[in-house]
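Overview (structure and organization)
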Amino acid sequence: MVMVDRIADGEVARNYVGGEWREATGDESGDVVNPATGERVGTVPFSSADDEDEAVALANEAFAEWSSTAVEERIQPLFRLKSLLEEHQESLAEVLVTEHGKTKREAMGEIRRGIENVEVACGVPSTMQAGHLPHAAPDIDETAVRQPLGTVVAVTPFNFPAMIPLWFLPYAVATGNTFVLKPSERDPFTPNRIAELVDEAGFPDGVVNVVHGGPDTVNRLITHDGVEAVSFVGSTPIAEHVYETAAGAGKRVQAQGGAKNHVVVSANADLAYAAEKTCSSAFANAGQRCLANPVAVVEDAVYDEFVDRLVAEAEAMEVGPGLDEGTDMGPLVSGPHRDSVLEYVEAGVEEGAEVLLDGRERDVPEEGYHLGPTVFGDVDPDASVAREEIFGPVLALLRAEDFDDALSLVNRSRYGNAASLFTRDGGEARRFRLEVDAGNVGVNVGTAAPMAFFHFGGDKDSFFGDLHAQGDDAVRFYTDETVYIERWPDA
Ligand code: NAD
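Please read all numbers here as calculations on a predicted model, not as lab measurements.

Some thoughts on a negative patch on the surface
A surface patch of negative charge is lined by Asp339, Glu343, Glu346, Glu350, Glu351 and Asp380. Along the polypeptide, Glu343 turns up in helix 13 (residues 335-350). What makes Glu343 exposed here is its relative accessible area of 56%.

What to know about the environment of Ser67
With respect to the helices and strands, Ser67 occurs in helix 1 (residues 49-67). Residue Ser67 is classed as partly exposed on the basis of its relative accessible area, which comes to 22%. Taking the C-alpha atoms as reference, Ser67 lies 4.3 Å from Gly176; in sequence the two are 109 residues apart. Residue contacts for Ser67: discarding those within four places in its chain leaves Arg74, Pro148 and Gly176. From its side chain, Ser67 meets the backbone oxygen of Phe63 in a polar contact 2.6 Å long.

Remarks on the domain arrangement of the chain
Along its sequence, the chain is carved into domain 1 (11-257 + 462-483) and domain 2 (262-443). Domain 1 and domain 2 are separated by 31 Å when their C-alpha centres are compared. Taken residue by residue, the interface counts 20 residues in domain 1 and 25 residues in domain 2. Around 1,800 Å² of area is buried between domain 1 and domain 2 when both sides are counted, 57% of it from carbon and sulfur atoms. Looking only at domain 1, the three residues that lose the most surface to domain 2 are Pro35, Ala36 and Ser462, adding up to 25% of its buried area. Viewed at the interface, domain 2 and domain 1 are joined by zero salt bridges. In this structure, the connection of domain 1 to domain 2 is made through six residue pairs in polar contact (both at pLDDT 80 or more). Top element by residues in the side of domain 1 that touches domain 2 is helix 4 (residues 89-100). It accounts for four residues. Partitioned by chemical class, the residues of the side of domain 1 that touches domain 2 number six nonpolar, nine polar and five charged.

Some remarks on the pattern of salt bridges
Applying the stated rule across the entire model yields 27 salt bridges. Lys104 serves as the salt-bridge partner of Glu94, at 2.9 Å between the closest nitrogen and oxygen. Of this pair, Glu94 sits in helix 4 while Lys104 sits in helix 5 (residues 104-121), and the two are 10 residues apart along the sequence. We classify Glu94 as buried; its relative accessible area is 18%. Note that Arg399 and Asp378 form a salt bridge whose closest N and O atoms lie 2.8 Å from each other. Highlighted residues: Arg399 in strand 17 (residues 394-400) and Asp378 in the loop between strand 16 (374-377) and helix 14 (384-387), separated in sequence by 21 residues.

Quick look at a nonpolar patch on the surface
A grouping of Met451, Phe453 and Phe454 is seen on the molecular surface, where their side chains present a nonpolar patch of about 330 Å² in accessible area. Positionally, Met451 belongs in the loop between strand 20 (440-443) and strand 21 (459-460). Relative accessible area serves as the criterion here: at 33%, Met451 is assigned to the partly exposed category.

Focus: the sheet that holds strand 4 (residues 29-34)
Strand-to-strand pairing in sheets goes through backbone hydrogen bonds, with the strands running parallel or antiparallel. Sheet architecture is open: three strands sit in the order 1-5-4, paired in mixed fashion. Where the open sheet ends on each side, the last strands, each with one partner, are strand 1 (11-12) and strand 4. In this sheet, strand 5 (residues 39-45) lies alongside strand 4 in antiparallel orientation, the contact comprising six bridges. Counterpart to Val32 in the pairing with strand 5 is Gly42.

A word on the packing of aromatic side chains
Applying the stated criterion across every chain, the model contains nine aromatic pairs. Where Tyr16 meets Trp21, the ring centres are 4.8 Å apart and the plane angle is 40 degrees; that geometry is what we call tilted. Between the aromatic rings of Trp167 and Phe168, the centroid separation amounts to 6.3 Å while the plane-to-plane angle is 85 degrees, which identifies the pairing as edge-to-face. With relative accessibility at 0%, the residue Phe168 sits in the buried group. Aromatic ring contacts, followed pair by pair, group Trp167, Phe168 and Phe456 into a single cluster. The ring of Tyr303 carries the charged tip of Arg399 above its face, separated from the ring centre by 3.9 Å.

Some points on the packing of helix 4 against helix 8 (residues 189-201)
Closest axis-to-axis distance for the helix 4/helix 8 pair is 9 Å, and the angle between their directions is 160 degrees. Our classification of the angle between helix 4 and helix 8 gives roughly antiparallel. The chirality of how helix 4 crosses helix 8 is right-handed. The segment helix 4 lies against helix 8, with Leu92, Val95, Leu96 and Glu99 engaging Phe189, Thr190, Pro191, Arg193 and Ile194.

Comments concerning the packing of helix 15 (residues 403-411) against helix 16 (residues 426-435)
For the pair helix 15 and helix 16, the least separation of the axes is 11 Å and the interaxial angle reads 25 degrees. Between helix 15 and helix 16, the angle falls in the class roughly parallel. Where helix 15 crosses over helix 16, the handedness of that crossing is right-handed. The segment helix 15 lies against helix 16, with Phe403, Asp404, Leu407 and Asn411 engaging Glu428, Arg431, Phe432 and Glu435.

A few points about the environment of Arg399
We classify Arg399 as partly exposed; its relative accessible area is 35%. Sequence separation of Arg399 and Gly377 is 22 residues, and the distance between their C-alpha atoms is 8.3 Å. Contact partners of Arg399, with chain neighbours within four places excluded, come to Val298, Asp300, Tyr303, Asp304, Asp378, Asp405 and Leu409. Reaching out from Arg399, the side chain makes a polar contact with the side chain of Asp300 at a distance of 2.8 Å.

Considering the side chain of Glu52
Mapped onto the elements, Glu52 comes out in helix 1. Discounting chain neighbours no more than four positions away, the residues touching Glu52 are Ser47, Thr217, Arg220 and Leu221.

Calculation criteria
Residues numbered from 1 in each chain as written. Predicted model: local features only at pLDDT ≥ 70, side-chain atom pairs only at ≥ 80, totals over all residues. Heavy atoms only, no water. Patch = residues over 30% accessible without salt bridge, like charges linked within 9 Å, V, L, I, M, F, W, Y side chains within 5 Å. Areas by Shrake-Rupley, 256 points an atom, 1.4 Å probe, with all protein chains shown as cover. Salt bridge = Lys/Arg side-chain N within 4 Å of Asp/Glu carboxyl O. Lys, Arg positive; Asp, Glu negative; His and termini not counted. Charge placed at Lys NZ, Arg CZ, Asp CG, Glu CD. Helix = DSSP H or I, 4+ residues; strand = E, 2+ residues; numbered from the N terminus. Buried < 20%, exposed > 50% of the residue type's maximum accessible area, 1.4 Å probe, protein only. Contact = heavy atoms within 4.5 Å. Polar contact = N/O pair within 3.5 Å; in protein donor to acceptor, adjacent residues only side chain to side chain. Domains from an automatic or database assignment. Buried area = accessible area lost by both parts, 1.4 Å probe. Nonpolar A, V, L, I, M, F, W, Y, C, P; charged D, E, K, R; others polar. Pairing = 2+ DSSP bridges. Phe/Tyr/Trp six-rings, centres within 6.5 Å; stacked < 30°, edge-to-face > 60°. Lys NZ or Arg CZ within 6 Å of the ring centre and 35° of its normal. Axes fitted to C-alpha atoms, helices over the stretch in contact; angles between N-to-C directions. Parallel < 35°, antiparallel > 145°, perpendicular 65-115°, else oblique. Left-handed = near helix turned anticlockwise from the far one by under 90°.

So, in structure tokens, the structure goes:
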């Protein structure tokens, strides 16, 4: 029986290729560090071009049989994978916390979100159907079918090392494609443990593969002759680069980028509820979420009361190691990333924002990359802390004259991943849904995360492509539609 083991001392992350575990043979490697202690826990050797060629070749080979396997049979290993993920959720969460830093509760929630995508992909016998119309023209019947593409690649970021690979893997293979994952080099053991469960679930060799590496591996995979489509999630500059490079090489591409989401607190909002949800949205996962709301635009009439409530919520958060009971916010993922967040905090002070809560002054464990939550008040909408993605526990409060002013402050952002409104006024909620420029829109929801059976939105510089991850969009992204036009004159 498969076990999900803790990261062994000095463990080396291996590739999973053609159903076998192999060490990558590239010249470079990366350290895997426990962000709660700053200690190196393992190594990830990067793949060479030969490793990638082999993975793609074995995936191409497996495609011939897998794509013609009955769909009902293709989803059976996914049902087993769902059970295995549930059975090992807790030990997988511990691996995840060790290399990422988030709290165990957050890791458990992340894995649950991933499992939901496996569940939705199990519905592919229904969702993959297209259409049929007898008598489409005189004596002509027409049928549209969705066919798998071939070998598809997913490149994923560090902040959700379990969930984001599962945004893609289940749909890609359920629709009959073969799959190569290039996970983040910062937390490779979680996707590897998932690959162990994939192996146990009984997918044929070569249907699911994992290759580790950095930018060179990505750039070779996304232009590889044997690859048909690329799914990417990461920061905006890399998403744009991946979109342009892979599309230029003739691939189908969906590339999800960075974010700077806003929440609007209307004068009509339930302020206690809005403060609680805004706080958790800004600081969960230490702010390292593409759906976090690091900017709150608050109507002047309720600004002071909202600030008092919000700061009290943020002050009450326990900062510490993610595996400790009672921790509300874990460390940042790495030393350099914490330094970059600290630079933004300093910039916020220099740019004249009011420091309502200073994360630098929080008493946090000395080891590791902890930082307390920072709240800036009366931030200039043009300040860097209001506009740029910080990806850390820093919340900027903007004061708006009224609802119209708040809406226009939100829509000035170059990003459009998500936006939320807190209100008790239905008319305002309707206007917000219709007028806000964001792909995931929340009303009285702190973090606008769609369930797996809906697509995961994203607009403006937060998304490059047409079809999104999750739900029907995922099925359409991983399939090509063909139309059969038939006439049987003697029938
Ligand atoms: P990142 O862009 O640094 O890395 C993402 C992936 O790209 C990794 O696998 C990495 O190896 C690869 N990569 C890095 N540099 C590259 C290069 N020059 N060429 C080719 N590949 C390269 O992102 P990250 O720091 O791992 O993750 C955080 C970012 O991801 C944030 O900007 C966050 O908003 C974004 N994100 C977006 C979503 C979304 O749904 N829109 C979800 C999660 C995270």
